[in-house]
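Residue-level listing of the chains:
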Amino acid sequence: MNSKKGTHKKVTKIGVLTSGGDSPGMNACIRAVVRTSRYYGMDVFGIVRGYQGMLDSDINEMDSRSVANIIQRGGTILKTARCLEFYEPQGRKKAYENLKKKGIDGLVIIGGDGSFRGAQLFSNEYDIPCIGIPGTIDKDIAGTDFTIGFDTAVNTAIESIDKIRDTADAHDRLFIIEVMGRDAGYIALHSGIATGAEHILIPERKTDMEALVASLEEKEKRKKLVNLVVVAEGDEFGGGNEVAKTIKSRLPNLDVRVAILGHIQRGGSPTCLDRLIASRMGYSAVECLMEGKHNVMVGIMNNRMHYTPLNNAVKAKQKVSEEWMKIVKILAS
Ligand code: ADP
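**Q** Can you walk me through the packing of helix 7 (residues 209-221) against helix 8 (residues 240-250) in this structure?
**A** When two helices pack together, you describe them by how their axes are tilted relative to each other and by the distance separating the axes. It is at 11 Å that the axes of helix 7 and helix 8 come closest, and there the two elements cross at 55 degrees. By the criterion of interaxial angle, the relationship of helix 7 to helix 8 is oblique. Remark: the crossing between helix 7 and helix 8 carries right-handed chirality. Taking contact as the criterion, the partners of M209, E210, L212, V213 and L216 in helix 7 are, on helix 8, V243, T246, I247 and R250. Across the contact of helix 7 with helix 8, the residue classes break down as 6 nonpolar, 1 polar and 2 charged.

Here it is as C-alpha coordinates:
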(Lines give C-alpha, C1' and ligand atoms only; values in the text may rest on other atoms or scores of the structure.)
Protein backbone atom coordinates (compact mmCIF):
# COMPACT_ATOMS: atom_id res chain seq x y z
CA MET A 1 0.00 0.00 0.00
CA ASN A 2 1.21 3.45 -0.85
CA SER A 3 2.28 5.16 2.35
CA LYS A 4 2.01 8.64 0.88
CA LYS A 5 -0.98 10.86 1.18
CA GLY A 6 -3.54 10.06 -1.49
CA THR A 7 -7.22 9.43 -1.93
CA HIS A 8 -8.67 8.28 1.35
CA LYS A 9 -10.41 4.94 1.43
CA LYS A 10 -13.31 4.05 3.68
CA VAL A 11 -12.13 3.96 7.27
CA THR A 12 -12.66 0.64 9.04
CA LYS A 13 -10.26 0.71 11.98
CA ILE A 14 -9.96 3.79 14.14
CA GLY A 15 -7.15 4.59 16.56
CA VAL A 16 -7.87 7.01 19.40
CA LEU A 17 -5.31 8.78 21.58
CA THR A 18 -5.04 11.55 24.13
CA SER A 19 -1.98 13.74 23.72
CA GLY A 20 -0.28 16.70 25.40
CA GLY A 21 -1.80 18.16 28.58
CA ASP A 22 -4.62 16.13 30.15
CA SER A 23 -8.00 17.65 30.88
CA PRO A 24 -11.16 16.47 32.62
CA GLY A 25 -13.66 15.08 30.12
CA MET A 26 -11.11 13.25 27.98
CA ASN A 27 -12.49 9.93 29.24
CA ALA A 28 -16.03 10.90 28.26
CA CYS A 29 -14.66 11.66 24.80
CA ILE A 30 -12.77 8.35 24.50
CA ARG A 31 -16.00 6.62 25.49
CA ALA A 32 -17.92 8.44 22.77
CA VAL A 33 -15.32 7.60 20.11
CA VAL A 34 -15.22 3.93 21.08
CA ARG A 35 -18.97 3.45 21.34
CA THR A 36 -19.77 5.36 18.15
CA SER A 37 -17.15 3.37 16.24
CA ARG A 38 -18.56 0.10 17.51
CA TYR A 39 -22.11 1.23 16.78
CA TYR A 40 -21.17 1.71 13.14
CA GLY A 41 -19.34 -1.62 13.03
CA MET A 42 -15.80 -0.27 12.97
CA ASP A 43 -12.91 -1.66 14.98
CA VAL A 44 -11.38 0.75 17.45
CA PHE A 45 -7.99 0.79 19.13
CA GLY A 46 -6.79 2.75 22.13
CA ILE A 47 -3.27 4.15 21.73
CA VAL A 48 -1.56 4.52 25.10
CA ARG A 49 0.43 7.68 26.06
CA GLY A 50 -0.27 9.73 22.94
CA TYR A 51 2.13 9.62 20.02
CA GLN A 52 4.60 7.71 22.19
CA GLY A 53 2.21 4.76 22.13
CA MET A 54 2.22 4.85 18.33
CA LEU A 55 6.01 4.61 18.39
CA ASP A 56 6.07 1.88 21.03
CA SER A 57 3.14 0.06 19.43
CA ASP A 58 1.27 0.25 22.71
CA ILE A 59 -2.03 -0.13 20.91
CA ASN A 60 -4.94 -2.21 22.22
CA GLU A 61 -8.27 -3.08 20.71
CA MET A 62 -11.21 -1.68 22.64
CA ASP A 63 -14.91 -2.44 22.77
CA SER A 64 -17.92 -0.85 24.40
CA ARG A 65 -17.11 -2.56 27.70
CA SER A 66 -13.56 -1.12 27.74
CA VAL A 67 -15.06 2.32 28.34
CA ALA A 68 -17.68 1.36 30.92
CA ASN A 69 -17.79 3.48 34.07
CA ILE A 70 -15.39 6.20 32.89
CA ILE A 71 -17.70 9.05 31.83
CA GLN A 72 -17.43 10.58 35.32
CA ARG A 73 -13.67 10.15 35.76
CA GLY A 74 -11.06 12.88 35.33
CA GLY A 75 -7.67 12.20 33.73
CA THR A 76 -7.46 9.83 30.78
CA ILE A 77 -7.55 6.03 30.83
CA LEU A 78 -5.34 6.09 27.73
CA LYS A 79 -2.72 8.17 29.57
CA THR A 80 -1.01 11.04 27.84
CA ALA A 81 2.58 12.00 27.15
CA ARG A 82 4.79 14.33 25.26
CA CYS A 83 6.77 12.55 22.55
CA LEU A 84 9.94 14.14 21.17
CA GLU A 85 10.53 11.45 18.53
CA PHE A 86 7.27 12.39 16.82
CA TYR A 87 8.83 15.76 15.86
CA GLU A 88 11.25 13.80 13.63
CA PRO A 89 10.31 12.26 10.25
CA GLN A 90 11.88 8.97 11.34
CA GLY A 91 9.67 8.87 14.44
CA ARG A 92 6.53 9.52 12.42
CA LYS A 93 7.55 6.78 9.94
CA LYS A 94 7.88 4.28 12.77
CA ALA A 95 4.49 5.38 14.11
CA TYR A 96 2.92 4.88 10.67
CA GLU A 97 4.40 1.41 10.30
CA ASN A 98 3.04 0.37 13.70
CA LEU A 99 -0.43 1.65 12.83
CA LYS A 100 -0.38 -0.18 9.52
CA LYS A 101 0.56 -3.44 11.24
CA LYS A 102 -2.69 -3.15 13.17
CA GLY A 103 -4.62 -2.08 10.09
CA ILE A 104 -5.52 1.31 11.60
CA ASP A 105 -6.70 3.65 8.82
CA GLY A 106 -8.11 6.62 10.74
CA LEU A 107 -7.05 8.53 13.85
CA VAL A 108 -8.85 10.63 16.46
CA ILE A 109 -6.48 12.83 18.44
CA ILE A 110 -7.78 14.44 21.61
CA GLY A 111 -5.35 17.18 22.63
CA GLY A 112 -4.18 20.74 22.20
CA ASP A 113 -2.67 22.75 19.36
CA GLY A 114 0.70 20.96 19.64
CA SER A 115 -0.97 17.62 19.15
CA PHE A 116 -2.82 19.01 16.13
CA ARG A 117 0.45 20.25 14.60
CA GLY A 118 1.83 16.74 14.94
CA ALA A 119 -1.34 15.26 13.40
CA GLN A 120 -1.23 17.70 10.50
CA LEU A 121 2.36 16.80 9.67
CA PHE A 122 1.64 13.09 10.00
CA SER A 123 -1.40 13.16 7.73
CA ASN A 124 0.51 15.22 5.15
CA GLU A 125 3.09 12.46 5.00
CA TYR A 126 0.92 9.36 5.25
CA ASP A 127 -2.49 8.20 4.08
CA ILE A 128 -4.14 8.17 7.49
CA PRO A 129 -6.87 10.78 7.96
CA CYS A 130 -6.70 12.54 11.32
CA ILE A 131 -9.52 14.20 13.23
CA GLY A 132 -8.61 16.49 16.15
CA ILE A 133 -10.74 17.12 19.22
CA PRO A 134 -9.81 20.10 21.43
CA GLY A 135 -8.97 18.86 24.92
CA THR A 136 -7.38 21.55 27.05
CA ILE A 137 -8.33 23.41 30.20
CA ASP A 138 -6.89 26.61 28.70
CA LYS A 139 -9.65 27.20 26.08
CA ASP A 140 -7.14 28.76 23.73
CA ILE A 141 -7.90 26.97 20.45
CA ALA A 142 -9.30 28.71 17.37
CA GLY A 143 -12.46 27.31 15.76
CA THR A 144 -14.43 26.31 18.85
CA ASP A 145 -16.35 28.00 21.64
CA PHE A 146 -15.51 25.16 24.02
CA THR A 147 -12.57 22.92 24.77
CA ILE A 148 -12.93 19.77 26.83
CA GLY A 149 -11.89 20.45 30.42
CA PHE A 150 -12.22 24.22 30.62
CA ASP A 151 -15.60 24.23 32.33
CA THR A 152 -14.45 21.72 34.95
CA ALA A 153 -11.22 23.63 35.59
CA VAL A 154 -13.08 26.89 36.04
CA ASN A 155 -15.60 25.29 38.39
CA THR A 156 -12.78 23.76 40.44
CA ALA A 157 -11.17 27.20 40.58
CA ILE A 158 -14.34 28.91 41.81
CA GLU A 159 -14.92 26.28 44.47
CA SER A 160 -11.41 26.91 45.79
CA ILE A 161 -11.65 30.69 45.52
CA ASP A 162 -14.97 30.68 47.43
CA LYS A 163 -13.18 28.87 50.24
CA ILE A 164 -10.34 31.34 50.17
CA ARG A 165 -12.88 34.16 50.38
CA ASP A 166 -14.20 32.70 53.66
CA THR A 167 -10.79 32.86 55.29
CA ALA A 168 -9.96 36.20 53.66
CA ASP A 169 -13.15 37.56 55.19
CA ALA A 170 -12.36 36.19 58.65
CA HIS A 171 -9.00 37.97 58.71
CA ASP A 172 -9.64 41.01 56.50
CA ARG A 173 -6.99 39.90 54.07
CA LEU A 174 -6.07 40.60 50.52
CA PHE A 175 -5.62 37.35 48.62
CA ILE A 176 -3.73 37.03 45.38
CA ILE A 177 -4.90 33.83 43.71
CA GLU A 178 -3.01 32.37 40.79
CA VAL A 179 -4.91 30.13 38.40
CA MET A 180 -3.75 28.08 35.40
CA GLY A 181 -4.20 28.79 31.69
CA ARG A 182 -0.63 28.89 30.36
CA ASP A 183 -0.55 32.02 28.21
CA ALA A 184 -4.34 32.39 28.10
CA GLY A 185 -6.42 34.25 30.68
CA TYR A 186 -9.81 32.55 30.34
CA ILE A 187 -9.69 30.54 33.56
CA ALA A 188 -8.71 33.73 35.40
CA LEU A 189 -11.36 35.83 33.72
CA HIS A 190 -14.24 33.41 34.14
CA SER A 191 -13.38 32.33 37.68
CA GLY A 192 -12.59 35.91 38.70
CA ILE A 193 -15.96 37.24 37.58
CA ALA A 194 -17.77 34.26 39.09
CA THR A 195 -16.17 34.77 42.50
CA GLY A 196 -16.44 38.54 42.61
CA ALA A 197 -12.73 39.27 42.36
CA GLU A 198 -11.74 42.93 42.69
CA HIS A 199 -9.10 42.63 39.99
CA ILE A 200 -8.30 40.09 37.31
CA LEU A 201 -4.85 40.06 35.70
CA ILE A 202 -4.66 38.30 32.36
CA PRO A 203 -2.07 38.10 29.58
CA GLU A 204 -4.54 39.44 27.01
CA ARG A 205 -4.65 42.84 28.75
CA LYS A 206 -1.92 45.14 29.99
CA THR A 207 -2.23 45.65 33.72
CA ASP A 208 -2.04 49.17 35.05
CA MET A 209 -0.29 48.43 38.35
CA GLU A 210 -0.54 52.07 39.44
CA ALA A 211 -4.32 51.99 39.03
CA LEU A 212 -4.53 48.63 40.83
CA VAL A 213 -2.52 49.93 43.81
CA ALA A 214 -4.56 53.14 43.89
CA SER A 215 -7.79 51.16 43.87
CA LEU A 216 -6.64 48.93 46.76
CA GLU A 217 -5.55 52.03 48.69
CA GLU A 218 -8.92 53.62 48.15
CA LYS A 219 -10.67 50.42 49.28
CA GLU A 220 -8.47 50.31 52.40
CA LYS A 221 -9.54 53.88 53.23
CA ARG A 222 -13.19 52.98 53.08
CA LYS A 223 -12.56 49.80 55.06
CA LYS A 224 -13.20 47.35 52.24
CA LEU A 225 -10.48 45.05 53.43
CA VAL A 226 -11.42 41.73 51.89
CA ASN A 227 -10.12 41.76 48.37
CA LEU A 228 -9.43 39.03 45.90
CA VAL A 229 -7.08 39.48 42.97
CA VAL A 230 -7.13 36.61 40.47
CA VAL A 231 -3.97 36.32 38.39
CA ALA A 232 -3.46 34.12 35.33
CA GLU A 233 -0.21 32.15 35.51
CA GLY A 234 0.86 33.69 32.19
CA ASP A 235 0.29 37.26 33.28
CA GLU A 236 2.98 39.79 32.39
CA PHE A 237 4.09 40.13 36.06
CA GLY A 238 5.05 36.46 36.23
CA GLY A 239 2.25 35.05 38.37
CA GLY A 240 0.80 35.44 41.87
CA ASN A 241 4.01 35.66 43.92
CA GLU A 242 5.39 38.48 41.79
CA VAL A 243 2.14 40.45 41.91
CA ALA A 244 2.03 40.02 45.70
CA LYS A 245 5.62 41.28 46.06
CA THR A 246 4.83 44.42 44.10
CA ILE A 247 1.65 45.13 46.06
CA LYS A 248 3.33 44.48 49.43
CA SER A 249 6.16 46.86 48.58
CA ARG A 250 3.64 49.58 47.74
CA LEU A 251 1.06 48.94 50.49
CA PRO A 252 2.95 47.53 53.48
CA ASN A 253 -0.08 47.85 55.79
CA LEU A 254 -2.14 45.39 53.85
CA ASP A 255 -2.27 41.78 55.03
CA VAL A 256 -1.49 40.06 51.73
CA ARG A 257 -1.49 36.30 51.11
CA VAL A 258 -0.90 34.25 48.00
CA ALA A 259 -2.66 31.04 46.94
CA ILE A 260 -1.51 29.16 43.86
CA LEU A 261 -4.24 26.73 42.88
CA GLY A 262 -2.04 24.56 40.64
CA HIS A 263 -2.85 21.10 39.40
CA ILE A 264 -6.13 20.60 41.26
CA GLN A 265 -7.56 22.53 38.30
CA ARG A 266 -6.67 19.71 35.93
CA GLY A 267 -8.26 16.89 37.86
CA GLY A 268 -11.64 15.84 39.14
CA SER A 269 -14.90 14.64 37.76
CA PRO A 270 -15.91 16.55 34.62
CA THR A 271 -18.89 18.89 34.77
CA CYS A 272 -22.09 18.28 32.84
CA LEU A 273 -20.97 20.71 30.13
CA ASP A 274 -17.61 18.98 29.65
CA ARG A 275 -19.24 15.54 29.50
CA LEU A 276 -21.74 16.84 26.95
CA ILE A 277 -19.25 18.50 24.63
CA ALA A 278 -16.87 15.54 24.96
CA SER A 279 -19.68 13.17 23.96
CA ARG A 280 -20.81 15.33 21.06
CA MET A 281 -17.28 15.88 19.75
CA GLY A 282 -16.29 12.21 20.09
CA TYR A 283 -19.38 11.10 18.21
CA SER A 284 -18.88 13.73 15.56
CA ALA A 285 -15.20 12.82 15.03
CA VAL A 286 -16.17 9.26 14.12
CA GLU A 287 -18.86 10.53 11.77
CA CYS A 288 -16.24 12.77 10.13
CA LEU A 289 -14.03 9.76 9.42
CA MET A 290 -16.99 7.84 8.03
CA GLU A 291 -17.92 10.72 5.75
CA GLY A 292 -14.38 10.94 4.40
CA LYS A 293 -13.51 14.19 6.14
CA HIS A 294 -9.87 14.37 7.03
CA ASN A 295 -7.47 16.62 8.84
CA VAL A 296 -10.04 18.75 10.59
CA MET A 297 -10.66 19.65 14.20
CA VAL A 298 -14.17 19.10 15.47
CA GLY A 299 -15.39 22.09 17.45
CA ILE A 300 -18.64 23.60 18.58
CA MET A 301 -19.60 27.14 17.61
CA ASN A 302 -22.96 28.72 18.38
CA ASN A 303 -24.07 25.29 19.62
CA ARG A 304 -23.43 23.63 16.26
CA MET A 305 -20.65 21.31 15.24
CA HIS A 306 -17.95 23.24 13.44
CA TYR A 307 -15.02 21.84 11.46
CA THR A 308 -11.72 23.66 11.17
CA PRO A 309 -8.79 22.46 9.03
CA LEU A 310 -6.15 21.17 11.44
CA ASN A 311 -3.61 23.73 10.28
CA ASN A 312 -5.99 26.52 11.34
CA ALA A 313 -6.79 24.91 14.69
CA VAL A 314 -4.01 26.83 16.33
CA LYS A 315 -3.51 28.45 19.66
CA ALA A 316 -5.68 31.53 19.59
CA LYS A 317 -5.90 34.45 21.88
CA GLN A 318 -9.57 35.22 21.59
CA LYS A 319 -10.39 38.86 22.21
CA VAL A 320 -11.43 39.76 25.73
CA SER A 321 -14.28 42.19 25.39
CA GLU A 322 -14.16 45.67 26.91
CA GLU A 323 -17.57 44.96 28.36
CA TRP A 324 -16.32 42.03 30.42
CA MET A 325 -13.54 44.16 31.89
CA LYS A 326 -16.05 46.90 32.66
CA ILE A 327 -18.27 44.37 34.44
CA VAL A 328 -15.32 43.31 36.62
CA LYS A 329 -14.68 46.94 37.58
CA ILE A 330 -18.27 47.89 38.29
CA LEU A 331 -19.16 44.78 40.25
CA ALA A 332 -16.07 45.00 42.45
CA SER A 333 -16.81 48.50 43.70
P1 ADP B 1 -0.70 20.09 23.47
O2 ADP B 1 -1.28 19.16 22.47
O3 ADP B 1 -1.41 20.02 24.78
O4 ADP B 1 -0.53 21.50 22.93
P5 ADP B 1 2.20 19.60 23.15
O6 ADP B 1 2.48 20.91 22.50
O7 ADP B 1 3.15 19.13 24.18
O8 ADP B 1 0.75 19.54 23.85
O9 ADP B 1 2.10 18.50 21.98
C10 ADP B 1 1.85 17.15 22.28
C11 ADP B 1 2.69 16.26 21.40
O12 ADP B 1 2.35 16.48 20.03
C13 ADP B 1 4.19 16.52 21.45
O14 ADP B 1 4.81 15.87 22.53
C15 ADP B 1 4.65 15.90 20.14
O16 ADP B 1 4.74 14.50 20.23
C17 ADP B 1 3.50 16.29 19.22
N18 ADP B 1 3.83 17.54 18.51
C19 ADP B 1 3.64 18.81 18.93
N20 ADP B 1 4.10 19.71 18.02
C21 ADP B 1 4.58 18.96 17.00
C22 ADP B 1 5.23 19.29 15.75
N23 ADP B 1 5.44 20.56 15.39
N24 ADP B 1 5.64 18.26 14.98
C25 ADP B 1 5.43 16.98 15.34
N26 ADP B 1 4.84 16.63 16.49
C27 ADP B 1 4.43 17.58 17.32
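**Q** Got a minute to help me understand the packing of aromatic side chains in this structure?
**A** The description of an aromatic ring pair uses the distance of the two centres, along with the angle that the planes make with each other. As enumerated under the stated definition, the model contains 5 aromatic pairs in all. Measuring from ring centre to ring centre gives 5.7 Å for F86 and F122, while their planes differ by 40 degrees; the resulting arrangement is tilted. You can see F86 sitting in the loop between strand 3 (59-62) and helix 3 (89-102) and its partner F122 sitting in helix 4 (residues 113-125), a full 36 residues away along the chain. Overall, the relative accessible area of 1% leaves F122 in the buried class. Considering the side-chain rings of F122 and Y126, the 5.5 Å spacing of their centres and the 50 degrees angle between planes classify their relative orientation as tilted. Exposure remark for Y126: the relative accessible area of 8% places this residue in the buried category. One aromatic cluster is present, formed by Y51, F86, Y96, F122 and Y126 through successive ring pairs. For K139, the ring lying beneath its charged end belongs to Y186, and the centroid distance is 4.9 Å. The ring centre of Y307 lies 4.5 Å from the NZ or CZ of K293, which sits over that ring.

**Q** It is not clear to me how the environment of G192 should be interpreted in this structure. Could you clarify?
**A** When you line up the elements, G192 lands in helix 6 (residues 186-194). A C-alpha to C-alpha distance of 14 Å links G192 and S333, two positions 141 residues apart in sequence. Excluding residues within four positions of it along the chain, G192 makes contact with I187, A197, I200 and V230.

Rules behind the numbers
Residues numbered from 1 in each chain as written. Predicted model: local features only at pLDDT ≥ 70, side-chain atom pairs only at ≥ 80, totals over all residues. Heavy atoms only, no water. Axes fitted to C-alpha atoms, helices over the stretch in contact; angles between N-to-C directions. Helix = DSSP H or I, 4+ residues; strand = E, 2+ residues; numbered from the N terminus. Parallel < 35°, antiparallel > 145°, perpendicular 65-115°, else oblique. Left-handed = near helix turned anticlockwise from the far one by under 90°. Contact = heavy atoms within 4.5 Å. Nonpolar A, V, L, I, M, F, W, Y, C, P; charged D, E, K, R; others polar. Phe/Tyr/Trp six-rings, centres within 6.5 Å; stacked < 30°, edge-to-face > 60°. Buried < 20%, exposed > 50% of the residue type's maximum accessible area, 1.4 Å probe, protein only. Lys NZ or Arg CZ within 6 Å of the ring centre and 35° of its normal.

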